[in-house]
Amino acid sequence: MKEIIIATKNTGKAKEFVQMFSPLGYEVKTLLDFPDVPDVEETGSTFEENALLKAETISKLLNRVVISDDSGLVVDALNGRPGVYSARYAGEQKNDQDNMDKVLRELEGIPTEERTARFCCTLAVAIPNEASLTFTGTCEGVILEERRGEYGFGYDPIFYVVEEKKAMAELPPEVKNNISHRANALKKLKEQLPAVFKEGN
Ligand SMILES: O=c1[nH]c(=O)c2ncn([C@@H]3O[C@H](COP(=O)(O)OP(=O)(O)OP(=O)(O)O)[C@@H](O)[C@H]3O)c2[nH]1
Ligand SMILES: [Mg+2]
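Residues numbered from 1 in each chain as written. Chains lettered and ligands numbered in written order. Predicted model: local features only at pLDDT ≥ 70, side-chain atom pairs only at ≥ 80, totals over all residues. Heavy atoms only, no water.

- Under an unreviewed UniProt entry, the name given to the protein chain is dITP/XTP pyrophosphatase, and the organism recorded is Niallia hominis.
- Looking at the protein chain in UniProt, the text filed under Sequence similarities (unreviewed entry) is "Belongs to the HAM1 NTPase family."
- Looking at the Subunit (unreviewed entry) heading of the UniProt record, one finds this comment for the protein chain: "Homodimer." (UniProt positions renumbered as here; feature names shortened; annotations may be inferred.)

## A word on helix 2 (residues 47–62)
Piece 1. Here helix 2 is 16 residues long and its end C-alpha atoms lie 23 Å apart, about the 22 Å a rise of 1.5 Å per residue gives.
Piece 2. Of all the positions in helix 2, only Phe47, Asn50, Ala51, Lys54, Ala55, Ile58 and Ser59 are classed as buried. Buried residues of helix 2, viewed axially, fall in a sector of 150 degrees; they line one side.
Piece 3. Elements in contact with the buried residues of helix 2: helix 1 (11–21), strand 3 (66–75) and strand 4 (116–126).
Piece 4. After helix 2 finishes, the residue Asn63 shows a positive phi value of roughly 55 degrees. (Helix = DSSP H or I, 4+ residues; strand = E, 2+ residues; numbered from the N terminus. Expected span 1.5 Å × (residues − 1). Buried < 20%, exposed > 50% of the residue type's maximum accessible area, 1.4 Å probe, protein only. Arc of directions from axis to C-beta. Contact = heavy atoms within 4.5 Å.)

## Quick look at the packing of aromatic side chains
Piece 1. Scanning all chains against the criterion turns up three aromatic pairs.
Piece 2. Here the aromatic rings of Phe21 and Tyr26 are separated by 5.9 Å at their centres, their planes lie at 80 degrees, and the arrangement is edge-to-face. Judged on exposure class, the residue Phe21 and its partner Tyr26 are both buried.
Piece 3. Considering the side-chain rings of Phe119 and Phe159, the 4.2 Å spacing of their centres and the 35 degrees angle between planes classify their relative orientation as tilted. Residue Phe119 is located in strand 4, and its partner Phe159 is located in strand 6 (residues 159–161); the two are separated by 40 residues in the primary sequence.
Piece 4. For Phe119, a relative accessible area of 5% translates into the label buried.
Piece 5. Against the face of Tyr26 rests Lys2, its NZ or CZ located 4.5 Å from the ring centre.
Piece 6. Here the basic side chain of Lys102 rests over the ring of Tyr89, its NZ or CZ set 4.2 Å away from the ring centre. (Phe/Tyr/Trp six-rings, centres within 6.5 Å; stacked < 30°, edge-to-face > 60°. Lys NZ or Arg CZ within 6 Å of the ring centre and 35° of its normal.)

## Topic: the environment of Tyr26
Piece 1. For Tyr26, the position within the fold is in strand 2 (residues 26–30).
Piece 2. Measuring from C-alpha to C-alpha, the distance between Tyr26 and Ile4 comes to 6.3 Å, with 22 residues separating the pair along the chain.

## Structural notes on the environment of Glu145
Piece 1. Tracing the chain through its elements places Glu145 in the loop between strand 5 (133–143) and strand 6.
Piece 2. For Glu145, a relative accessible area of 58% gives the class exposed.
Piece 3. Along the chain, Glu145 and Ser45 lie 100 residues apart, while their C-alpha atoms are 28 Å from each other.
Piece 4. Discounting chain neighbours no more than four positions away, the residues touching Glu145 are Leu104, Ile110 and Arg115.

The structure is reproduced here in structure tokens:
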């Protein structure tokens, strides 16, 4: 089976990449399989900058094609926050429950029509001795007033997906993996897959 390396330590993302790449005949390896690889500091101010940082750093270390994912929740009423700080919004411990509580607190008293938001995902592909590629996908929604559903990770329980009329965490994986920001970025990447994963990469 062909192998693909995703430069992530996030177990929620890792699970989704396995679900999305397996049907294409790829075995997914993540940084959870390479425990010695150091953390890449996410110093960029955009999803694209951070995705490139992660993919290019790990690709150089392993001398392999590497894909990374930088993603997050952009809330209009919070001037785009948490944005690139989504993982650590409530602190370095990267706790999903604390992050959701912080967003809900900051939106207290804000009416539904002003609670618009979107998930964004940029996938970067770093290829040894070639220029990197990036692909971006989004998913539009509204921030709920309380949690709904058990699926997914991160902010999924408080993100109402306009297209599906359900919270992201109420959508089973096969549905989320077809409509999410990550799925939409991956659809663009897939069109380039044969070129990226040519013999030798
Ligand atoms: O409800 C959600 N559903 C999603 O589908 C989703 N995708 C991203 N996020 C949030 O955005 C952060 C990414 O930050 P991020 O790209 O820096 O990743 P990370 O630090 O968690 O892992 P790594 O890939 O960098 O190792 C994550 O932690 C989550 O809080 C999501 N929340
Ligand atoms: Mg990160």
